[in-house]
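# Per-entry structural report
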Amino acid sequence: MQRKKISCGKRYYEGVRKQTTVCLVIAWFLTVLGAAFFLVSAAFFVQSGLEGKIGRSRTELFDPLDTTGMDDSYKTMRIRTMTYEFAEESLGTYYYCLAVTEMDELRIIRIREDHFKELQPLVDYMYEIDSPKPEPVEVRGTAGLICEEVREFALELMNFAGGEGDMTYAELDAAVGKCYLDLAGVPRGGENYGRAWSMFSMAVIWSGLGAVLFITQIRRRKNAALEEEREARMFSDVHQYMEAGETTVEYDAESAAGLRPEEPEEVRTGSLAAGILGALGGALLGVILWCALGIVGVIAGIAGYAMLNFALRGYEKFYGTADRKGTAICILIVILMIPAAGMLQYFIELCQMIAETETAAEAFRYTASNFFLLMRRGEVWTEFFKSVLIGYVLSFICSGQLMREAFRRRK
């Protein structure tokens, strides 16, 4: 009978150790890179906070032609009348109106719904003949560039109001300038604020990748070491039998399998509740990775794999062993966590959008109290369900092998 090789061999295990060592070095590098991005983002946040604090203490006249330092201080102007909104943003939280200054100059302003109550007399004076003439009102905010869509709607309004319909974009720009006054705007750190969020997103991505790579390679190295130890014990027993002359056996792959020492039964050391808590904690790590990838525009299917992997490891760590019941619980948790991660991603994106004109605390409070209203106004529920469906498909495609191994190996 031809003998078959039953040992992976010392060279194989040395190769595994070398490969995992290289991967651990890469994981360490990614983690250090993520930490560096965290430090840089913290520095930018601090700098933008200081710049915003200084800017909120300064006031200057609004110049619609000045595109520098648009949000580094409060801009002010006095208006005597204004129109209703001629355009609104997709979320329905901000509106664009035309205002007339004391010097009879046209300006575009961006306001929230609550500003209409304060400025209603100016609107009434524009549309109602019998409305009393109000006193000019000083408004303040930050400047912003007029986008192409707002210019288009403003031109339509001007042509409709003028009745001739021949006003050009060049004439509109000469009349209203390049910038609008955002009455909801708050001075902040300018470019440093955007840089801070960009650096923070990169930090989360690199740190998450480093953590995933570190955990998988440590587990791979541990499994290889256990396999090598079992194989060494098996050959030691065979060698002792042959030296004692008790028996002579031809060892092929099938008979060698019977010589492997029995693995000790796994002993449960924790409660089921502890295992579920561990699975939830592991899944939350995957949620963080999901949000980080989604914010930077990456379809986060790979995060579903990480979410399930972390959940299984957390369950095994706190329950003491891994079984099919725990695997099913982890899969159920991931099924529930994916839409939760999608909602958290949209919540963060809405906070970032509103934080462009508000303080971070105000943006968080407003988004938390109006989240479902903002989602409905922005008509993004369809996109949300679409992204969740894509996430499910990609997650379970990426995690298919992991789930099969989990159910096969865990009794």
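Everything numeric in this text was worked out from a predicted model, so none of it was measured. (Residues numbered from 1 in each chain as written. Predicted model: local features only at pLDDT ≥ 70, side-chain atom pairs only at ≥ 80, totals over all residues. Heavy atoms only, no water.)

Secondary structure assignment for the protein yields 13 helices and seven strands. Here the protein holds 411 residues, and 41% of them are scored as buried. In the protein, of all internal contacts separated by at least 6 residues, the share reaching a separation of at least 24 is 73%. Summing over all exposed atoms, the protein offers an accessible surface of approximately 23,300 Å²; the carbon and sulfur share of this is 61%. (Helix = DSSP H or I, 4+ residues; strand = E, 2+ residues; numbered from the N terminus. Buried < 20%, exposed > 50% of the residue type's maximum accessible area, 1.4 Å probe, protein only. Contact = heavy atoms within 4.5 Å. Areas by Shrake-Rupley, 256 points an atom, 1.4 Å probe, with all protein chains shown as cover.)

End to end, helix α1 (residues 10-55) covers 67 Å across 46 residues, agreeing with the expected 68 Å (1.5 Å per residue, within 8%). Every buried residue of α1 is listed here: Tyr13, Val16, Thr20, Leu24, Ala27, Leu30, Gly34, Phe37, Ser41, Ser48, Gly52 and Gly55. (Expected span 1.5 Å × (residues − 1).)

This part covers the nonpolar core. In this structure, Met307, Leu308, Cys330 and Met375 are the most contacted members of the largest nonpolar core, which totals 45 residues. When contributions to this core are tallied by element, the ones reaching two or more residues are α5 (191-244), α7 (272-295), α8 (301-319), α9 (324-355), α11 (371-377) and α12 (381-398). Among the elements that make up this core, the one with the highest residue count is α9 (14 residues). Setting aside residues up to four positions removed in sequence, Met375 forms contacts with Tyr346, Leu350, Val380, Trp381 and Phe384. Core analysis: the next-biggest nonpolar cluster, separate from the first, contains 19 residues, Met77, Tyr95, Ile111 and Cys179 among them. (Core = buried A, V, L, I, M, F, W, Y, C linked by side-chain atoms within 4.5 Å.)

Right, let's get into the confidence of the model for the protein. Chain-level pLDDT for the protein is 78 on average; 81% of the residues reach the 70-or-more range. Within the model, the stretch residues 251-264 combines pLDDT values under 50 with 22 contacts to residues more than four positions away or in other chains. (pLDDT = per-residue confidence, 0-100.)

The next thing to look at is the environment of Leu98. With respect to the helices, strands and loops of the structure, Leu98 is situated in strand β4 (residues 95-101). The buried category is assigned to Leu98, whose relative accessible area is 4%. The sequence separation of Leu98 and Met82 amounts to 16 residues, and the corresponding C-alpha distance is 5.6 Å. If near-sequence neighbours (up to four positions away) are discounted, Leu98 is found in contact with Met82, Thr83, Phe86, Arg107, Ile108, Leu157, Met158 and Val176.

The next thing to look at is the packing of aromatic side chains. Under the defined criterion, the tally for this structure stands at eight aromatic pairs. Ring centres of Phe38 and Phe200 lie 5.7 Å apart, and the angle between their planes is 75°; on these two criteria the pair is classed as edge-to-face. Of this pair, Phe38 sits in helix α1 while Phe200 sits in helix α5; the two residues are 162 residues apart in sequence, bridging distant segments of the chain. Residue classification places Phe38 among the partly exposed residues on the basis of a relative accessible area of 33%. Here the aromatic cluster, defined as three or more aromatic residues joined through ring pairs, consists of Tyr84, Tyr95, Phe116 and Tyr127. (Phe/Tyr/Trp six-rings, centres within 6.5 Å; stacked < 30°, edge-to-face > 60°.)

Turning to the pairing of strand β7 (residues 179-182), a few remarks are in order. By the alternation rule, side chains of β7 split into Cys179 and Leu181 and Tyr180 and Asp182, which are all buried. As judged from the two bridges shared by strand β5 (residues 106-111) and β7, these two strands associate in the parallel manner. The residue of β7 that forms the bridge with Ile109 is Leu181. For strand β6 (residues 137-145) and β7, the ladder comprises four bridges, and the chain directions are antiparallel. Bridge pairing links Ala143 to Leu181 in β7. (Pairing = 2+ DSSP bridges.)

The subject of this paragraph is the pattern of salt bridges. Under the counting rule described, the total for this entry stands at nine salt bridges. Here Glu60 ties to Lys75 by a salt bridge, and the two come within 2.6 Å at their closest N and O atoms. Taken together, the residues Glu60 in strand β1 (residues 59-61) and Lys75 in strand β2 (residues 74-82) connect sequence positions 15 residues apart. Given a relative accessible area of 33%, Glu60 falls into the partly exposed group. With a shortest N-O distance of 2.6 Å, Arg230 and Glu227 are connected by a salt bridge. You can see Arg230 and its partner Glu227 sitting in helix α5, three residues apart, about one turn around the helix. Under the relative-accessibility criterion, Glu227 is labelled partly exposed at 22%. (Salt bridge = Lys/Arg side-chain N within 4 Å of Asp/Glu carboxyl O.)

For β4, a buried count of seven out of seven residues is recorded, marking the element as mostly surrounded by other parts of the structure. Bridge count between β2 and β4: three bridges; the pairing is antiparallel. By the bridge assignment for β4, Ile79 is matched with Thr101. Here strand β3 (residues 87-88) pairs with β4 via two bridges, running antiparallel. Its bridge partner being in β4, Glu88 is matched across the sheet by Tyr95. Bridge count for β4 against β5 is six bridges, and the pairing is antiparallel. Counterpart to Ala99 in the pairing with β5 is Arg107.

On to a nonpolar patch on the surface, then. On the surface, Leu272, Ile276, Leu277 and Leu280 cluster together into a nonpolar patch covering about 310 Å² of accessible area. Tracing the chain through its elements places Leu277 in helix α7. (Patch = residues over 30% accessible without salt bridge, like charges linked within 9 Å, V, L, I, M, F, W, Y side chains within 5 Å.)

Between its terminal C-alpha atoms helix α2 (residues 113-127) stretches only 18 Å, short of the 21 Å expected from 15 residues at 1.5 Å a residue. Its maximal kink placed at Leu119, α2 deviates by approximately 70°, while the proline Pro121 follows within four residues. For α2, the set of buried residues is His115, Phe116, Leu119, Leu122 and Val123. (Bend = angle between axes of the 7 residues up to and from the residue.)

Moving on, we get to the environment of Asp63. For Asp63, the location among the structural elements is in the loop between β1 and β2. Taking the C-alpha atoms as reference points, Asp63 and Tyr180, separated by 117 residues in sequence, lie 9.1 Å from one another.

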